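# Understanding the architecture of this molecule
Letter by letter, the chains look like this.
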Amino acid sequence: MASAPPPPQEAVHSGRRLLSPTLFFSSSSPLRLRPSPPPPPSAHRRRSRYSRLVAASSSSSSSSAPPPPREMPWPHVLTVAGSDSGGGAGIQADIKACAALGAYCSSVVTAVTAQNTAGVQGIHVVPEEFIREQLNSVLSDMSVDVVKTGMLPSIGVVKVLCESLKKFPVKALVVDPVMVSTSGDALSESSTLSVYRDELFAMADIVTPNVKEASRLLGNVSLHTVSDMRSAAESIYKFGPKYVLVKGGDMPESSDAVDVFFDGKEFIELHGRRIKTRNTHGTGCTLASCIASELAKGAKMLHAVQVAKNFVESALHHSKDLIIGNGPQGPFDHLFKLKSPPYNVGSHQNFKPDQLFLYAVTDSGMNKKWGRSIKEAVQAAIEGGATIVQLREKDSETREFLEAAKACVEICKSSGVPLLINDRVDIALACNADGVHVGQSDMSAREVRELLGPGKIIGVSCKTPAQAQQAWNDGADYIGCGGVFPTTTKANNPTLGFEGLKTVSLASKLPVVAIGGINASNAGSVIELGLPNLMGVAYALVESQDERVDYAELHVAAEGEFAEAQRL
Ligand SMILES: Cc1ncc(COP(=O)(O)OP(=O)(O)O)c(N)n1
Ligand SMILES: Cc1nc(C(=O)O)sc1CCOP(=O)(O)O
Ligand SMILES: [Mg+2]
């Protein structure tokens with residue numbers, strides 16, 4: 001038997017994030033409450049100029065014209081900031097942060113700094129007219145979704161930016177009011193303060209000062225407590241942005257990192273772990289770029305801020321022992337996910353192990369029995385709280401299955417719930433499903449990955465530690481482990497019981513979903529096992545005609561257990 005691996009860090013980590021303003025970041029329990037529903041799918045459906053052109057010409061010309069290319073929207077952030085020669089902050093941090101979160105990042109360089117881990121040794125400001133030219137080049141051509149600003153060294157630069165944004169409006173503007181580096185070096189003339197406040201903030205969707213910047217923006221008021229941060233957020237809000245985030249990472253008094261988010265009505269305290277590390281250079285730039293990336297993907301502001309905060313915290317944690325440079329403030333690794341299990345095998349960029357929480361599996365026999373379509377079964381399961389859906393259609397004809405799968409893709413997409421196909425890679429490809437679930441007698445995860453590529457979710461059924469190890473080696477994203485209880489849904493299925501589930505889960509480097517005979521009355525006992533990488537329970541749509549009842553009950557049972565375990 002393989003030796004017990006460490007629990008998958010990000011899987012557990014991401015499961016503890018709660019949207020409630022009061023319940024953040026329990027520190028040790030591996031269990032979690034039901035995750036907040038995933039954000040709606042990207043609202044970014046803009047066509048590129050090229051695809052519009054081709055579409056227009058193909059509709060007006062003869063049928064021999066080539067078909068329009070498939071749209072491949074790519075959320076686009078433009079950063080307007082300074083270059084950091086040390087690579088930890090500024091433009092360099094912005095590009096890495098956007099890349100890590102799956103957004104494209106173009107860049108307008110406002111200044112070139114000579115900088116390292118000791119501080120800023122020199123600044124060369126780019127002439128304003130050349131900044132205007134860069135802005136013009138990018139904004140006139142590239143369908144930018146969100147602009148994020150960093151170092152804006154002079155009044156003239158801020159004004160050029162405001163003019164460009166009026167000429168080329170974008171979906172959102174994220175302003176990180178970078179004025180002084182953490183090393184204490186000025187990055188912006190003090191005269192820019194007024195134009196920041198009077199012109200740029202009025203156009204901004206969010207402004208993200210740290211306490212020092214907030215203090216400067218407000219005439220050097222002293223900010224020592226969270227209550228001071230609230231007042232500062234309220235005052236900055238009056239300059240015109242839609243949201244303000246005052247970051248408390250530098251507050252000496254707090255043991256955790258508290259940020260204050262203000263939307264004009266409500267203050268929300270966002271609590272995070274304070275990571276002990278010298279490698280914090282570029283955290284502000286990174287946070288703002290992550291917010292911009294999430295907004296470009298279509299997220300709501302509070303969600304974008306929380307994703308960004310979680311990302312920075314994880315990156316700091318994974319980079320805490322890196323040694324780059326001899327100065328007091330080192331850079332961190334934005335691309336840590338490429339190295340950390342279970343992400344080193346090209347997982348789906350939007351797959352979060354939390355999504356395994358309530359896993360619905362369709363059953364064609366039952367649909368026939370109840371006289372309902374696959375689509376209706378899926379719709380009902382989602383309404384009842386399912387967080388992921390698998391189409392398991394063992395006796396449908398291919399064409400019929402594909403039609404149903406296409407309809408289900410649409411339903412799932414509009415609810416932000418991933419849709420997987422059981423066994424049939426061809427169907428998954430044809431309907432552009434989010435992934436595939438395979439068993440030990442199906443194609444291997446490695447072969448499926450070859451066909452589907454790195455962007456899709458792959459699950460593998462495992463009943464032994466060796467199979468779990470193989471799934472990991474093959475690049476799967478999660479494993480399904482069962483039968484936990486006897487089942488009538490799958491013929492000749494061995495029952496593993498709690499012991500089997502425990503053995504396989506503890507040997508798995510991947511997140512696990514339990515399956516087999518699970519219902520509202522026994523789901524709690526499965527969750528109660530407290531296995532660190534057990535992320536949820538799978539359940540076939542067999543029990544009744546109306547899955548809303550089943551799922552709602554199952555949901556309540558599972559959530560209750562998670563909540564209980566977290567309290568203990
Ligand atoms: C989540 C989940 N776990 C296990 C299975 C079983 O897959 P497999 O062993 O391939 O058996 P069939 O479903 O194909 O009969 C599953 N489908 N989902
Ligand atoms: C599809 C499937 N796979 C299993 C496994 O043990 O791998 S058990 C199972 C059936 C799940 O249906 P129900 O919730 O009705 O038991
Ligand atoms: Mg199978």
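Taken directly from UniProt, the Subcellular location (unreviewed entry) text for the chain runs: "Plastid, Chloroplast". On record in UniProt, under Function (unreviewed entry), the comment for the chain is "Essential for thiamine biosynthesis. Bifunctional enzyme that catalyzes the phosphorylation of hydroxymethylpyrimidine phosphate (HMP-P) to HMP-PP and condenses 4-methyl-5-(beta-hydroxyethyl)thiazole monophosphate (THZ-P) and 2-methyl-4-amino-5-hydroxymethyl pyrimidine pyrophosphate (HMP-PP) to form thiamine monophosphate (TMP)."

Turning our eyes to something else, we now look at the sheet that holds strand β16 (residues 512-514). Strands sit in the order β10-β11-β12-β13-β14-β15-β16-β17 around a closed barrel of eight strands; the barrel is parallel. Neighbour-to-neighbour, the strand axes of this sheet turn through a mean angle of 25°, independent of strand direction. Sheet analysis places strand β15 (residues 478-481) next to β16, joined by three bridges and oriented parallel. When the bridges of β16 are listed, G480 appears paired with V513.

Looking now at the environment of K159. Turning to its location among the elements, K159 is positioned in helix α5 (residues 155-167). Residue classification places K159 among the partly exposed residues on the basis of a relative accessible area of 34%. With 36 residues separating them along the chain, K159 and V195 place their C-alpha atoms 7.7 Å apart. Filtering out sequence-adjacent residues up to four positions away, K159 remains in contact with V195 and E199.

Turning next to the packing of helix α4 (residues 128-139) against α5. Where α4 contacts α5, the two axes come as close as 10 Å, and the packing angle between them is 25°. As far as their axial angle goes, α5 and α4 are roughly parallel. For α4 against α5, the interelement crossing comes out right-handed. Every residue of α5 that contacts α4 at E128, I131, R132, L135, N136 and L139 is listed here: G156, V157, V160, L161, E163, S164 and K167. Class assignment for the residues of the contact of α4 with α5 results in six nonpolar, three polar and four charged.

A few words on the coordination of the magnesium ion (ligand 3). Six octahedrally arranged donors around a metal ideally form angles of 90 or 180 degrees; four tetrahedrally arranged donors ideally form angles of 109.5 degrees. Around the magnesium ion (ligand 3), the donor atoms from the protein are D423 (OD) and D442 (OD), and they sit 2.1 Å away. Here the residue D423 occupies a position in the loop between β12 (419-422) and α14 (425-431), and D442 occupies one in the loop between β13 (435-438) and α15 (445-452), the gap between them amounting to 19 residues. Among the residues examined, D423 registers a relative accessible area of 23% and is labelled partly exposed. The class of D442 is partly exposed, set by a relative accessible area of 28%.

On to helix α9 (residues 283-297), then. End to end, α9 covers 21 Å across 15 residues, agreeing with the expected 21 Å (1.5 Å per residue, within 8%). Positioned one or two residues after α9, G298 has a phi angle of 110°, which is positive.

This part is about the sheet that holds strand β6 (residues 206-207). Taken in spatial order, the nine strands make up an open sheet running β3-β2-β1-β4-β5-β6-β7-β8-β9, and their pairing is mixed. The open sheet is flanked by β3 (119-125) and β9 (267-272), the only strands paired with a single partner. Here β6 pairs with strand β7 (residues 243-246) via two bridges, running parallel. By the bridge assignment for β7, I206 is matched with Y243. Across the sheet, helix α3 (residues 90-100) touches β1 (76-84), β2 (104-116) and β4 (146-149), and the angle it forms with β1 is around 150°. Together, β1, β4, β5 (172-175), β6 and β7 form the strand contacts of α9, whose direction differs from that of β4 by roughly 170°.

Right, let's talk about the packing of aromatic side chains for a bit. This model, assessed by the stated rule, comprises ten aromatic pairs. When the ring of F201 is compared with that of F239, the centres are 6.2 Å apart and the planes differ by 50°; the resulting orientation is tilted. Of this pair, F201 sits in helix α6 (residues 192-203) while F239 sits in the loop between α8 (226-237) and β7; the two residues are 38 residues apart in sequence, bridging distant segments of the chain. On the basis of relative accessible area, F201 is assigned to the buried category, the value being 0%. Measuring from ring centre to ring centre gives 5.3 Å for Y237 and F262, while their planes differ by 75°; the resulting arrangement is edge-to-face. Of this pair, Y237 sits in helix α8 while F262 is found in strand β8 (residues 257-262), placing the two residues 25 residues apart along the sequence. Residue classification places F262 among the buried residues on the basis of a relative accessible area of 3%. A connected cluster of aromatic rings, assembled from ring pairs, spans Y196, F201 and F239.

Before going further, it helps to examine the environment of A292. Considering the arrangement of structural elements, one finds A292 in helix α9. For A292, a relative accessible area of 0% puts it in the buried group. Between the C-alpha atom of A292 and that of A304, which follows or precedes it by twelve residues, the distance is 7.7 Å. In contact with A292, other than residues within four places in its own chain, are V77, V146, K148 and V174.

Rules of the game
Residues numbered from 1 in each chain as written. Chains lettered and ligands numbered in written order. Predicted model: local features only at pLDDT ≥ 70, side-chain atom pairs only at ≥ 80, totals over all residues. Heavy atoms only, no water. UniProt positions renumbered as here; feature names shortened; annotations may be inferred. Pairing = 2+ DSSP bridges. Helix = DSSP H or I, 4+ residues; strand = E, 2+ residues; numbered from the N terminus. Axes fitted to C-alpha atoms, helices over the stretch in contact; angles between N-to-C directions. Buried < 20%, exposed > 50% of the residue type's maximum accessible area, 1.4 Å probe, protein only. Contact = heavy atoms within 4.5 Å. Parallel < 35°, antiparallel > 145°, perpendicular 65-115°, else oblique. Left-handed = near helix turned anticlockwise from the far one by under 90°. Nonpolar A, V, L, I, M, F, W, Y, C, P; charged D, E, K, R; others polar. Donors = N, O, S within 2.8 Å, 3.2 Å for Na, K, Ca; no water. Expected span 1.5 Å × (residues − 1). Phe/Tyr/Trp six-rings, centres within 6.5 Å; stacked < 30°, edge-to-face > 60°.

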